Amino acid sequence: MKKTTDVLILGSGIAGLTLAIKTAEARPDLKISVITKTEQGESNTRYAQGGVAAVWDKAVDTHQKHIDDTLDAGDGLCDKDVVRIVVEEGPSRVKEIIEWGTRFDKNKNQDDYNLGKEGGHSENRILHYKDLTGWEIQRALMEKTKALPNVEVHEHYFAINLLTPHHLGYNITRVTPNIECYGAYILDKTDGDIITFLSRVTVVATGGAGQIYRNTTNPVIATGDGIAMLYRAKGRIESMEFVQFHPTALYNPAGENPDFLVSEAVRGYGAILRDIEGNEFMHRYDHRKSLAPRDIVARAIDNEMKISGADHLYLDCTHLDKEGFYAHFPTIYDKCMSLGIDPMKDYIPVTPACHYMCGGIKVDQEGQTSIKRLYACGECTYTGLHGANRLASNSLLEAMVYAHRIHLNIMKGVEKYDLKMEIPDWDATGTMEPKEMVLITQSMKELKEIMSSYVGIVRSNVRLKRALDRLKLLYEETEELYRSTAISPQLCELRNLISIGYLVSRSASMRRESRGLHFTTDYPEEKDFIDVTIL
Ligand code: FAD
Ligand code: SIN
């Protein structure tokens, strides 16, 4: 079955919906189709706690300070032009979502926004809505989208593959010039049909991939589908070795997927990290102590846990005032209380968990990928903003700035691109319904174990080789299953996560130095130049 649209957007988080709204408002004559694999509101965006970093209080803060903090966190690998673009354009994008109905907390006098602080920021510049900033942004964007008649949102539509000349019989390799994208094959999860969704331009906004690890703050939708699809379509992917672990996920011995996050804003509010004996330790690692950038804090925690043999340590909020704490962090407070931890009396047990993919689909300053007629924005991309480590709360900002830039590029005209009606429909010949789901679920568990054991916060040559050897076997078994089995979201997600696992492990093994989020015991120093291009 075929469907057609002008602009096909894969993903309904902040990146996808911001772009849909802008383009639909500016061009009521265009049809904008947003597809999303579960409910529209389920995304990494929805779980963002801390807020959006933007220079707001110009009496104390400046663009240059935000730029310097971003460059410092990025450890030498940020693209300086991109950092300037995002920092300077960011506040206008924040004003837009406020105009669209997003609420941010105000100060006591209600005359301006209450700005929070997080690790690596030299000033208070985080706009937030309690500890539910992402939920509030997602709500406002969905309401705004609903009011636009030329946006159609398809829930429970799962993107399987991008349509490229490969589907017209051409032999595509990673060095073939001028590959184009004509849309995507989409599984309608409600009836199992696979739709050939043709578009003039396509935008990948499918978010992150935290689900490659056993412990992650990312919801179960974060399976790296967009990055894996683009990799299969022979597009350019970059910097996948830089996986950010959040230092303070709530430790829950019962195990949860995802792990509940205890926002860095709690440390910005004055909370202190303590080791398993209750002693402060961060002063031994960085002068900014508990508010050092995330790579430093996560590595320090990992080191302290290895020394003591404990599987968690503590966040101490007991000296903070209860009223203020509850007003700012009601969700965190209630979650702790539900587990019998009173943050005002007890130390909160915390442990690091995979949180954010700094690498991804390589895009230029207008959000164009290496494949023509194909854009990408949000967490699935590598723009150059984060370099080797993302500064806290810079990602919602980046998603909005790049959605805007893609929108401007689309405004130059998409009519020049035709709909490729000759693309063949999905061929399911020779496949059978899956007989043993355990083959998929067990491989998923194995993948998470491999990544968590061998490609975590601290890496080494021998661990990375083990990971790559084991991933190869998983890859071969899963490809065999994929060829013979009817398409299911679970199988596609497994296949995608294996690709992400490979990209992270391979890039990590090629980066023979330690920098930002990538630390390897075999090369503990930084080097001047390392080529990590995966062909
Ligand atoms: P997402 O919001 O993840 O949206 C991706 C969309 O793509 C979803 O709708 C998903 O269903 C859809 N999708 C994926 N695959 C497919 C497919 N195959 N077919 C169809 N649809 C698909 N950043 C900050 O700046 N500040 C914060 O305070 C902050 N806190 C965070 C707290 C948590 C717990 C987490 C997990 C992240 C946090 N981040 C924060 C990071 C930030 O939330 C994300 O980077 C950002 O929201 C990503 O937005 P996105 O639109 O790119 O992707
Ligand atoms: C947090 O609230 O700690 C998350 C902020 C971020 O990931 O940017």
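The text that follows walks through the structure, step by step, so that each part is easy to find. On a predicted model such as this, the values are computed, not experimentally measured, just so you know. (Residues numbered from 1 in each chain as written. Chains lettered and ligands numbered in written order. Predicted model: local features only at pLDDT ≥ 70, side-chain atom pairs only at ≥ 80, totals over all residues. Heavy atoms only, no water.)

## Considerations on the site of ligand 1
Rule in force here: To be near a molecule or strand, a residue needs just one of its heavy atoms within 4 Å of it. What qualifies as a polar contact is a pair of N or O atoms within 3.5 Å, subject to a donor-acceptor requirement within protein and to the restriction that residues adjacent in sequence count only when both atoms come from side chains. Under the convention adopted here, Pro, Cys and the residues Ala, Val, Leu, Ile, Met, Phe, Trp and Tyr are nonpolar, Asp, Glu, Lys and Arg are charged, and Gly plus all remaining residues are polar.
Residues in contact with ligand 1 amount to 37 residues; listed here are only the nearest, Thr45, Gly51, Asp225, Glu379 and Ser395. Between Thr45 and ligand 1, the recorded distance is 2.5 Å, taken from a side-chain N or O atom to an oxygen atom. Residues that form the shell around ligand 1 fall into these classes: 13 nonpolar, 19 polar and five charged.

## Examining the sheet that holds strand β9 (residues 237–238)
Our working definition: DSSP-based pairing: two strands are paired if at least 2 bridges between them are found. Counting from the N terminus, the helices are DSSP H or I runs at least four residues long and the strands are E runs at least two residues long. Note on contacts: a residue pair qualifies if any of its non-hydrogen atoms lie within 4.5 Å across the two residues. Lines fitted to C-alpha atoms define the axes, with helix axes restricted to the stretch in contact, and inter-axis angles between N-to-C directions lie between 0 and 180 degrees.
Taken in spatial order, the three strands make up an open sheet running β9-β14-β16, and their pairing is mixed. Every interior strand has two partners, whereas the edge strands, β9 and β16 (381–382), have only one. Across two bridges, strand β14 (residues 360–362) lies against β16 in parallel orientation. By the bridge assignment for β16, Ile361 is matched with Thr381. Sheet contacts for helix α6 (residues 225–232): β9 and β14; angle to β14, the most-contacted strand, approximately 50°.

## Overview of the environment of Thr351
Looking at where Thr351 falls in the secondary structure, it is placed in strand β13 (residues 348–357). Note: C-alpha distance between Thr351 and Ala399 (48 residues apart in sequence) is 27 Å. For Thr351, the contacting residues outside a window of four places in its chain are His246, Pro247, Thr248, Ala249, Tyr251, Met305, Asp311 and His312. Among the polar contacts listed, one links the side chain of Thr351 to the backbone oxygen of Asp311, at a separation of 3.4 Å.

## Regarding the packing of helix α12 (residues 438–454) against helix α14 (residues 489–510)
The cut-off we apply is this: An angle below 35 degrees is treated as roughly parallel, one above 145 as roughly antiparallel, one from 65 to 115 as roughly perpendicular, and anything else as oblique. Crossings are assigned a handedness: left-handed for a near helix turned anticlockwise from the far helix by less than a right angle, right-handed for a clockwise turn.
Here α12 crosses α14 at 20°, and the two axes come no closer than 10 Å. Judged on the interaxial angle alone, α14 and α12 are roughly parallel. Note that α12 runs across α14; the crossing there is left-handed. Two secondary-structure elements touch here, α12 through Ile440, Ser443, Met444, Leu447 and Met451 and α14 through Gln490, Leu491, Glu493, Leu494, Leu497, Ile498, Gly501, Val504 and Ser505. Per-class residue counts for the contact of α12 with α14 are nine nonpolar, four polar and one charged.

## Some thoughts on the site of ligand 2
To keep it simple, the criterion reads: Using a 1.4 Å probe, the Shrake-Rupley method yields the accessible areas, and only the shown protein chains count as cover for residues.
In the region of ligand 2, the neighbouring residues are Gln49, Gly50, Glu118, His246, Leu261, Ser263, Glu264, Arg294, His355, Arg390, Ala392 and Ser393. One of the side-chain nitrogen or oxygen atoms of Arg294 is found 3.0 Å away from an oxygen atom of ligand 2. Contact between ligand 2 and His355: an oxygen atom at 2.6 Å from a side-chain N or O atom of the residue. When ligand 2 sits alone it has 260 Å² of accessible area, and the protein chains cover 93% of it. Considering only residue class, the shell around ligand 2 consists of two nonpolar, six polar and four charged.

## So, the environment of Glu525
Within the fold, Glu525 resides in the segment after β18 (519–520). A C-alpha to C-alpha distance of 5.4 Å links Glu525 and Ser514, two positions eleven residues apart in sequence. With near-sequence residues (within four places) excluded, Glu525 lies in contact with Glu513 and Ser514.

## Some details on the packing of aromatic side chains
Quick note on the threshold: In summary, the pairing rule links any two rings of Phe, Tyr or Trp, Trp by its six-membered ring, whose centres are within 6.5 Å, and it sorts them by plane angle into stacked for under 30 degrees, edge-to-face for over 60 and tilted for everything else. For the exposure calls, accessible area comes from a 1.4 Å probe over protein chains only, and a residue counts as buried if that area is under 20% of its type's maximum, exposed if over 50%, partly exposed in between. Whether a charge lies above a ring is judged from NZ of Lys or CZ of Arg, which has to be within 6 Å of the ring centre and within 35 degrees of the ring normal.
Overall, the coordinates contain ten aromatic pairs when judged by the stated rule. The interplanar angle of 85° and the centroid separation of 6.2 Å between the aromatic rings of Phe104 and Tyr113 together place this pair among those described as edge-to-face. Here Phe104 matches Tyr113 in class, with each residue buried. Between Tyr269 and Phe329, the ring centres sit 5.6 Å apart and the planes meet at 85°, which makes this aromatic pair edge-to-face. Here the residue Tyr269 occupies a position in the loop between α7 (264–268) and β11 (272–274), and Phe329 occupies one in the loop between α9 (322–328) and α10 (330–338), the gap between them amounting to 60 residues. Members of the aromatic cluster, connected to one another through ring pairs, are Trp56, Phe104 and Tyr113. In this arrangement the basic side chain of Arg46 is found over the ring face of Tyr47, its NZ or CZ atom lying 4.7 Å from the centre. Geometry around Tyr113 places Lys106 over its ring, the cationic atom sitting 5.3 Å from the centre.

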